[in-house]
Amino acid sequence: MKRIEAKHLLGLENISTQDIETIIDVGFTFREVLERPVKKVPALNGKNIVNLFFENSTRTKISFELAEKRLSADVTNFSASSSSVKKGESLRDTIQNIHVMKMDCVVMRHPIPGSCLQLSNYVDVPIVNAGDGTHEHPTQALLDMMSIKEKFGKIKGLNIGIVGDILHSRVALSNIFGLIKLGANVKLCAPPHLLQRHIEDYGVSITYDVDELIDWADAVNVLRIQRERMGVGLIPSIREYRKFFGITSERLSRHKKEIVIMHPGPINRGVEIDSQVADGDQAIILDQVLNGVAVRMSVLYLLLGSNDFD
Amino acid sequence: MILIKGLEKNKGFILLKGGRLYEPFLSIDKKNDILIKDDVIVKINKSIKEEKNYKVINCDNNIITNGFLDLHVHFREPGFEFKETIKTGSISAFYGGFTRVCTMPNTDPVIDSPELIKFIIEESQDTPVYIHPIGAITKGQKGLEISEIGEMVEAGAVAISDDGIPVKNSQVLRFALEYAKKFNIPVINHAEDNCLVNDGLMHEGKMSTKLGLPGNPDIAESSMVYRDLAISEYVGGRLHVPHVSSFKSLEIIKIFRDKGVDVTAEVTPHHLSLTDSILRNYDTNAKVAPPIRSSKDQKALIDAIKSGLIDCIATDHAPHANEDKDRDFKHASCGMIGLESAFGIVNKTLAAEKVDITDIIDLFTVKPSRVMNIIPNVIKEGNIAEINIIDPVCKWIFDQNSIKSKSNNSALLDREMFGKVLYSMNKGYILNCKV
């Protein structure tokens with residue numbers, strides 16, 4: 001049985017390259033399981049997993065829940081109101097609750113960066129970061145990398161572009177750490193004020209020209225433009241964003257080369273990406289969704305599993 | 001008076017034997033014995049003969065010098081006594097060698113009237129330290145109208161500041177800098193442009209990028225330092241810049257000082273000794289305002305101490321209860337305690353940079369005295385004994401269990417310190433800081 005060194009999945013910055021590769025490899029095994037008539041394995045039979053969501057989520061939460069159920073774990077869902085997070089009281093209480101409830105694993109989404117790492121200092125069960133503010137969203141990046149590997153058969157040496165609001169994106173940051181570790185070349189494209197000033201220190205290159213990105217890339221990961229960024233002076237208008245950074249079918253048709261299009265969802269059709277592109281042959285967006293379940297099964301199995309599942 | 005182990009009122013004679021007396025206020029630096037009766041220095045001589053009724057403290061290899069002055073502390077009283085009180089804060093100060101402190105006015109209520117200034121001073125009467133309160137620049141720290149500055153000065157205030165709340169309205173700051181000239185006190189403005197801070201939670205740099213924490217850029221500080229100094233120069237004011245954190249602010253302070261503008265500046269022990277890498281595990285004890293910055297900034301702060309551009313050390317002692325710090329990084333309170341670790345960490349940092357021990361002592365004594373225009377009981381016959389006995393090379397660990405403050409929020413816990421105040425004396429009290 002394969003093993004990983006890490007005790008938690010807090011982010012891809014502080015996990016070894018070997019562990020990332022193992023998670024992806026085991027992810028492909030679970031991908032096969034998901035193609036079977038009976039998609040459930042007894043790997044985590046008797047384990048209690050709590051999904052703690054201090055921030056709204058539909059897709060990530062469903063994906064984790066499905067992964068847990070297909071591993072035969074017992075699942076508890078807990079969604080805190082955002083008001084309790086605003087008071088800042090939640091983390092301490094969370095810790096005590098987990099101790100009392102004797103959970104075997106915590107999957108946590110929280111709006112504040114570092115919350116999962118802080119939690120791991122106090123709780124001795126595995127913590128899986130399902131997104132901590134503008135920090136990391138490691139399972140999203142793992143499923144993105146798994147999808148790239150599925151499509152190209154490798155990751156090393158590929159040119160991967162990421163376009164969108166990089167500054168506020170935990171998806172981007174986890175992808176950057178993971179892809180660089182696995183030997184991909186990463187180029188970011190964003191309005192200049194939506195890029196971290198020091199991001200190039202982490203081995204990526206940047207451009208403000210989305211056409212340059214498309215020319216260069218084998219695959220482009222298109223980030224969702226969060227509507228809450230509009231109207232606070234960050235993005236002047238949808239029209240302007242589309243014009244300079246949108247992945248439109250017209251723009252793609254101007255480039256001779258065909259590139260793979262990815263998107264973490266949910267898609268704002270007609271904003272950061274056109275419907276024809278999202279639904280077209282170049283896109284692997286639905287493969288990403290399926291790989292999301294598989295890679296989350298892999299993470300939970302590797303952190304918790306003692307029983308062989310086959 | 002609350003009693004702690006090692007603290008007592010001195011009755012009778014104490015002879016400090018064999019120490020090096022360094023008295024920067026009187027330019028004395030030589031071996032001297034000092035005889036103290038009750039609370040007063042009765043004799044200073046190169047050799048004083050022991051008598052049977054003398055309690056003798058052997059000061060071989062130690063330095064006898066003035067009590068320290070910290071011109072920037074938070075004692076939280078009134079209003080936040082669960083974090084610190086005037087009494088617990090005073091004991092913490094005395095344990096760190098500070099015989100005088102200036103308290104910031106961000107209490108509840110805000111210290112913005114002569115009555116409240118008097119309250120602080122009265123509460124400090126039966127503690128071993130002298131408290132010199134700082135009054136608020138504006139009523140309620142609201143930044144709108146200047147408070148009764150003259151009345152507060154008459155009641156004992158030594159400076160004005162809205163503490164952690166920058167005076168946003170430039171015209172209000174101009175009024176304050178102009179009006180304060182009549183009372184010959186410095187104006188202290190926390191320099192951070194909150195629009196540029198933009199909800200930043202740590203220094204904007206390589207580390208904030210990795211941690212995904214919103215960054216607070218150095219220009220948030222330096223641009224306001226520039227504004228403050230431009231106004232101060234224009235009106236001939238007297239500005240003191242608190243807790244300078246960035247290389248860029250130092251550049252600006254230097255430009256104005258070279259032009260002859262009356263500006264002073266302080267640095268905290270944590271900005272001087274730490275870099276933003278301390279936050280790699282989201283340690284909320286290292287969350288402070290302004291944030292701890294890059295190694296380039298830290299080096300510039302050390303250089304500014306050496307060149308004299310920074311006048312003195314001030315701890316910005318900011319006690320917070322565990323529940324204020326045991327939170328996610330955004331909601332955890334800003335600040336760390338500093339009085340008890342100040343000398344040990346500053347001496348360690350600067351000794352490694354080959355700064356002489358006398359220059360280090362000046363940063364805690366004569367230099368902050370000049371900034372705030374506070375004259376201590378200098379070390380001479382007939383004066384109250386306001387004295388520290390220092391071992392400049394003693395190595396010790398800053399341990400949570402030894403902390404005398406009511407709070408223990410420090411990013412320096414468990415670190416090795418270099419140099420320690422062994423005894424502090426003031427107002428007839430003597431504290432053995434070794435126990």
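Rules used in this analysis
Residue positions are counted from 1 within each chain, in the order its sequence is given. Going through the entries in the order they are written, you letter the chains from A and number the ligands from 1. A pLDDT threshold of at least 70 governs which residues receive local features in this predicted model, and a stricter bar of 80 or more applies before side-chain atom pairs are shown or counted, although totals over entire chains, interfaces and linings include all residues. Side-chain calculation: all heavy atoms of the structure are included, whereas hydrogens and water are not. Runs of H or I in DSSP of at least four residues are treated as helices and runs of E of at least two as strands, each being numbered from the N terminus. This radius of gyration counts C-alpha atoms alone. The globule rule is 2.2 Å times how many residues there are, raised to the power 0.38. Throughout, exposure labels follow a simple rule: accessible area from a 1.4 Å probe, protein chains only, divided by the maximum for the residue type, with under 20% read as buried, over 50% as exposed, and the rest as partly exposed. Note on contacts: a residue pair is in contact if any heavy atoms of the two residues lie within 4.5 Å. Surface accessibility in these figures is a Shrake-Rupley result with a 1.4 Å probe; residues are shielded only by whichever protein chains are displayed. Positive residues here are Lys and Arg, negative ones are Asp and Glu, while His and the chain termini are left out of the count. Every charge is mapped to an atom, namely NZ of Lys, CZ of Arg, CG of Asp or CD of Glu. Residue ranges for the domains originate in an automatic or database domain assignment. When two parts are put together, the accessible area they lose, computed with a 1.4 Å probe and summed over both, is reported as buried area. Counted as salt bridges are all cases of a side-chain nitrogen of Lys or Arg within 4 Å of a carboxyl oxygen of Asp or Glu. Pairs of N or O atoms within 3.5 Å make up the polar contacts considered here, provided that, within protein, one atom can donate a hydrogen while the other can accept it, and that residues adjacent in sequence are counted only when both atoms are side-chain atoms. Pairing between strands requires that DSSP locate at least two bridges from one strand to the other. Each axis is a line fitted through C-alpha atoms, and for a helix only the stretch in contact is used; angles between axes span 0 to 180 degrees, taken between their N-to-C directions. Side-chain classes are defined by residue name, with Ala, Val, Leu, Ile, Met, Phe, Trp, Tyr, Cys and Pro counting as nonpolar, Asp, Glu, Lys and Arg as charged, and the others, Gly among them, as polar. With respect to orientation, any angle under 35 degrees is reported as roughly parallel, any angle over 145 as roughly antiparallel, any angle of 65 to 115 as roughly perpendicular, and every other angle as oblique. Here a crossing is taken to be left-handed if its near helix is turned anticlockwise relative to the far helix by less than a right angle, and right-handed if that turn runs clockwise. Only residues whose relative accessible area exceeds 30% and that form no salt bridge enter a patch; like-charged residues are grouped when within 9 Å of one another, and nonpolar side chains (Val, Leu, Ile, Met, Phe, Trp, Tyr) when within 5 Å. We define a nonpolar core as any set of buried Ala, Val, Leu, Ile, Met, Phe, Trp, Tyr and Cys residues linked to one another through side-chain atoms lying within 4.5 Å. The crossover handedness rule: strands pointing away from the viewer, path from first strand over the helix to second strand clockwise, crossover right-handed.

Let's shift gears to the overall build of chain A. In terms of regular secondary structure, chain A is built from 12 helices and nine strands. In terms of C-alpha radius of gyration, chain A reaches 19 Å, essentially the compact-globule figure of 19 Å for 310 residues. Each principal axis of the C-alpha atoms in chain A carries an extent, and together these give about 55 × 45 × 35 Å. Among the 310 residues that make up chain A, the fraction classed as buried is 58%. Taking as baseline every contact in chain A between residues at least 6 positions apart, the subset at least 24 positions apart corresponds to 74%. Roughly 13,000 Å² of accessible area belongs to chain A as shown, and the carbon and sulfur atoms make up 48% of that amount. Across chain A, the mean location of the 37 positive side-chain charges is 3 Å away from that of the 38 negative side-chain charges.

All names here are of chain B. Under the domain assignment used here, chain B contains domain 1 (7-64 + 381-432) and domain 2 (67-372). For domain 1 and domain 2, the distance between their C-alpha centres works out to 27 Å. On the domain 2 side, the residues contacting the 40 residues of domain 1 number 54 residues. Summed over both partners, the interface of domain 1 with domain 2 buries about 3,800 Å², with 61% contributed by carbon and sulfur atoms. For the interface between domain 1 and domain 2, the tally reads one salt bridge. Glu386 is the salt-bridge partner of Arg100, the closest N and O atoms lying 2.7 Å from each other. Counting the contacts that link domain 1 with domain 2 gives 27 residue pairs in polar contact (both at pLDDT 80 or more). If you list the elements that add at least two residues to the side of domain 1 that touches domain 2, you get strand E3 (20-23), strand E20 (387-397), strand E21 (416-426) and strand E22 (429-432). When residues of the side of domain 1 that touches domain 2 are assigned to their parent elements, the largest contribution, nine residues, is made by E21.

All names here are of chain B. Position of Met152 among the secondary structure elements: in helix H3 (residues 149-155). Here the alpha-carbon distance between Met152 and Gly135, two residues 17 residues apart in the chain, equals 6.7 Å. Those residues in contact with Met152 that sit more than four places away from it in its chain are Ile111, Asp112, Ser113, Pro114, Ile117, Gly135, Ala136, Ser147, Ala157 and Ile160.

So, about the sheet that holds strand E12 (residues 134-135) of chain B. All names here are of chain B. The sheet built from six strands is open, its strands ordered E12-E13-E14-E17-E18-E19 with parallel pairing. The outermost strands of the open sheet, each flanked by one partner alone, are E12 and strand E19 (312-313). As judged from the three bridges shared by strand E17 (residues 239-241) and strand E18 (residues 263-267), these two strands associate in the parallel manner. Note on E18: the bridge partner recorded for Leu239 is Val263. Along the sheet face, helix H8 (residues 247-258) touches E17 and E18 and points at about 150° away from the line of E18.

With that settled, the discussion passes to the interface of chain A and chain B. Contacts between the two partners involve 25 residues from chain A and, on the opposite side, 19 residues from chain B. With both sides pooled, the region where chain A packs onto chain B buries about 1,900 Å², and carbon together with sulfur makes up 57% of that total. Linking chain A with chain B are one salt bridge. Of the charged contacts in the structure, one is a salt bridge between Glu13(A) and Lys210(B), with a shortest N-O distance of 3.3 Å. Applying the counting rule to chain A against chain B returns six residue pairs in polar contact (both at pLDDT 80 or more). Those elements that place two or more of their residues in the side of chain A that touches chain B are helix H3 (82-86), helix H4 (90-101), helix H5 (115-120) and helix H7 (170-181) of chain A. At three residues, the largest contribution of residues to the side of chain A that touches chain B is made by H5(A). Classifying every residue of the side of chain A that touches chain B by side-chain character gives 10 nonpolar, nine polar and six charged.

What follows is about the packing of helix H4 (residues 170-180) of chain B against helix H7 (residues 218-235) of chain B. Residue and element names in this part refer to chain B. Across the interface, H4 lies against H7 with an axial gap of 10 Å and an inter-helix angle of 45°. The pairing of H4 with H7 is recorded here as oblique in orientation. Seen along the crossing, H4 lies across H7 with a hand that is right-handed. Of the residues in H7, those in contact with Ser170, Leu173, Arg174, Leu177 and Glu178 of H4 are Arg227, Asp228, Ile231, Ser232, Tyr234 and Val235.

Residue and element names in this part refer to chain A. When the domains of chain A are assigned, the result is domain 1 (17-137 + 289-304) and domain 2 (139-288). Relative placement of domain 1 and domain 2: their C-alpha centres are 25 Å apart. Buried surface at the junction of domain 1 and domain 2, summed over both partners, amounts to about 2,300 Å²; 60% is from carbon and sulfur atoms. Linking domain 1 with domain 2 are three salt bridges. Here Arg170 ties to Glu55 by a salt bridge, and the two come within 3.0 Å at their closest N and O atoms.

Attention shifts here to a negative patch on the surface. All names here are of chain B. Together, Glu115, Glu148, Glu151 and Glu154 make up a region of like negative charge exposed at the surface. Along the chain, Glu151 turns up in helix H3. Classification of Glu151 by relative accessible area gives partly exposed; the value is 42%.

Residues Val106(A), Ile160(B), Leu229(B), Ile253(B), Leu272(B), Leu350(B) and Phe364(B) are the most contacted members of the largest nonpolar core, which totals 117 residues. Setting aside residues up to four positions removed in sequence, Leu350(B) forms contacts with Leu272(B), Ile302(B), Ile305(B), Val355(B), Ile360(B) and Leu363(B). Core analysis: the next-biggest nonpolar cluster, separate from the first, contains 66 residues, Ala67(A), Ala219(A), Leu223(A) and Met262(A) among them.

In summary, the side chains of a regular strand alternate between the two faces of the sheet. All names here are of chain B. Judged by how many residues are buried, E18 sits mostly within the fold: five of five residues are covered. Burial of E18 is two-sided: the residues Val263, Ala265 and Val267 facing one way and the residues Thr264 and Glu266 facing the other way are all buried. The β-α-β motif built from E17, the intervening H8 and the parallel element E18 has right-handed crossover chirality.

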